[in-house]
Protein chains: 2
Amino acid sequence: MGKVYLIGVGPGDEELLTLKAIRAIKEADVILYDKLINVNILNYSKEDAKLIFCGKEAGKHYKTQEEINDLIVMNAKKGKIVARLKGGDPYVFGRGGEEAIRLYNEGIEFEVISGVTSAIAALNYAGIPATFRGVSQSITILTAKSEGELKIDYEALSKLNGTLVFDGTV
Amino acid sequence: MGKVYLIGVGPGDEELLTLKAIRAIKEADVILYDKLINVNILNYSKEDAKLIFCGKEAGKHYKTQEEINDLIVMNAKKGKIVARLKGGDPYVFGRGGEEAIRLYNEGIEFEVISGVTSAIAALNYAGIPATFRGVSQSITILTAKSEGELKIDYEALSKLNGTLVFDGTV
């Protein structure tokens, strides 16, 4: 049995990669990545690592979440070290939780490596502190897109007096 | 005139430091840090860097936010590269915004380096995805402590059907 790393690679700037993410990428035999990551990050991979693109490309079939899960599981069961790269943080949208549950159910060892979440870093790039004493005592990050129904209570949101971030990168 | 880096160093695990944070720490002439950071991070500093502890110690006077701001400004005006290290992300509580505004008003060049926010990474360590499709479509991070009045509308929060994180590290 191999091992799987679900890795947050941050908001795009390759310098916002963590040391732990780099260590895991260097270890990996198989790397699954999508369009939300900075591809320069792949330069940390082993020379013979297998790189698998999982993003959408115009006019081509793209891998469903189920197909991605299957690829991760199949490679781990072959004894491979698998790195699944995700923009931002693996657990802030991006469906890292679904991959983790599948791995848990299959009895495969895995580790989730937190990353700099784009939902907060993007505000920084715009000069906006996510929180500010006396102005914003909370931050709420919501998904702005969903395959299913979005249940957003805008009246409740308006009463939080905090920062609201709508994340469109599902 | 020097330059100031407001740096998020993540939730404690020194491997969750970003490459950009390390670069800035290596550049710094003066480093201000407090009790929320992993002190091993200071090993990245230059041999002759001045390290200033800004945290609370039992029975001793500790620096107020105003004193910390003054120290940063004074050193930058001497032409020093100043690194202000903060646990997690500089803009998720931790008063990075107040330091940034002071620097802006003083006309001092500064850069805010996003970090892995402890408010989300702590959930990961406990095996809890911050969001999960069909279960939690939002995450709200609130401060659980404040010098001023906390205005939390619990009824509104209960209607979000999302993950709530109460951050006690002010």
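Residues numbered from 1 in each chain as written. Chains lettered and ligands numbered in written order. Predicted model: local features only at pLDDT ≥ 70, side-chain atom pairs only at ≥ 80, totals over all residues. Heavy atoms only, no water.

1. Thoughts on the relation of the copies chain B and chain A
Step number 1: Take chain B, turn it by 180 degrees, move it 0.0 Å along the axis, and it overlays chain A with an RMSD of 0.0 Å. Both copies of the chain, as the preceding transformation shows, are related through a two-fold rotation axis.
Step number 2: Interface overlap between copies is the fraction of interface residues in one copy that are interface residues in the other; for chain B against chain A it reaches 100%, indicating a shared surface. (Least-squares fit on C-alpha atoms with pLDDT ≥ 70 in both. Contact = heavy atoms within 4.5 Å.)

2. Thoughts on helix 4 (residues 118–125) of chain A
Step number 1: Listing the buried residues of helix 4 of chain A in full gives Ala119, Ile120, Ala121, Leu123 and Asn124 of chain A.
Step number 2: For helix 4 of chain A, the elements touching its buried residues are strand 6 (138–143) and strand 7 (163–167) of chain A together with strand 5 (109–113) of chain B.
Step number 3: Following helix 4 of chain A by one or two positions, Gly127 of chain A has its phi on the positive side, about 80 degrees. (Buried < 20%, exposed > 50% of the residue type's maximum accessible area, 1.4 Å probe, protein only. Helix = DSSP H or I, 4+ residues; strand = E, 2+ residues; numbered from the N terminus.)

3. A closer look at the domain arrangement of chain A
All names here are of chain A.
Step number 1: With domains assigned, chain A is organised as domain 1 (3–113) and domain 2 (118–167).
Step number 2: For domain 1 versus domain 2, the distance between C-alpha centres works out to 26 Å.
Step number 3: If you look at the interface, domain 1 gives nine residues, while domain 2 gives eight residues.
Step number 4: Of the roughly 540 Å² buried at the junction of domain 1 and domain 2 (both faces included), carbon and sulfur atoms supply 61%. (Domains from an automatic or database assignment. Buried area = accessible area lost by both parts, 1.4 Å probe.)

4. Topic: the pattern of salt bridges
All names here are of chain B.
Step number 1: Tallied over the full model, the rule gives 34 salt bridges over all chains.
Step number 2: The residue Glu111 makes a salt bridge to Lys3 at a minimum N-O spacing of 3.0 Å. One end of the pair, Glu111, is in strand 5; the other, Lys3, is in strand 1 (residues 3–8), and 108 residues separate them in sequence.
Step number 3: With relative accessibility at 16%, the residue Lys3 sits in the buried group. (Salt bridge = Lys/Arg side-chain N within 4 Å of Asp/Glu carboxyl O.)

5. Description of the sheet that holds strand 7 of chain A
Step number 1: Pairing within the open sheet is mixed, and its four strands lie in the order 7(A)-6(A)-6(B)-7(B). Across the chains shown, the open sheet's two edge strands, defined by having one partner strand only, are strand 7 of chain A together with strand 7 (163–167) of chain B. Across the sheet, the mean angle from the axis of one strand to that of its neighbour is 15 degrees, orientation sign disregarded.
Step number 2: Where strand 6 (residues 138–143) of chain B lies against strand 7 of chain B, five bridges are found, and the strand directions are parallel. Counted as the bridge partner of Ile141 of chain B is Val165 of chain B from strand 7 of chain B.
Step number 3: Here helix 4 of chain A sits on the sheet in contact with strand 6 and strand 7 of chain A, set at roughly 115 degrees to strand 7 of chain A. (Pairing = 2+ DSSP bridges. Axes fitted to C-alpha atoms, helices over the stretch in contact; angles between N-to-C directions.)

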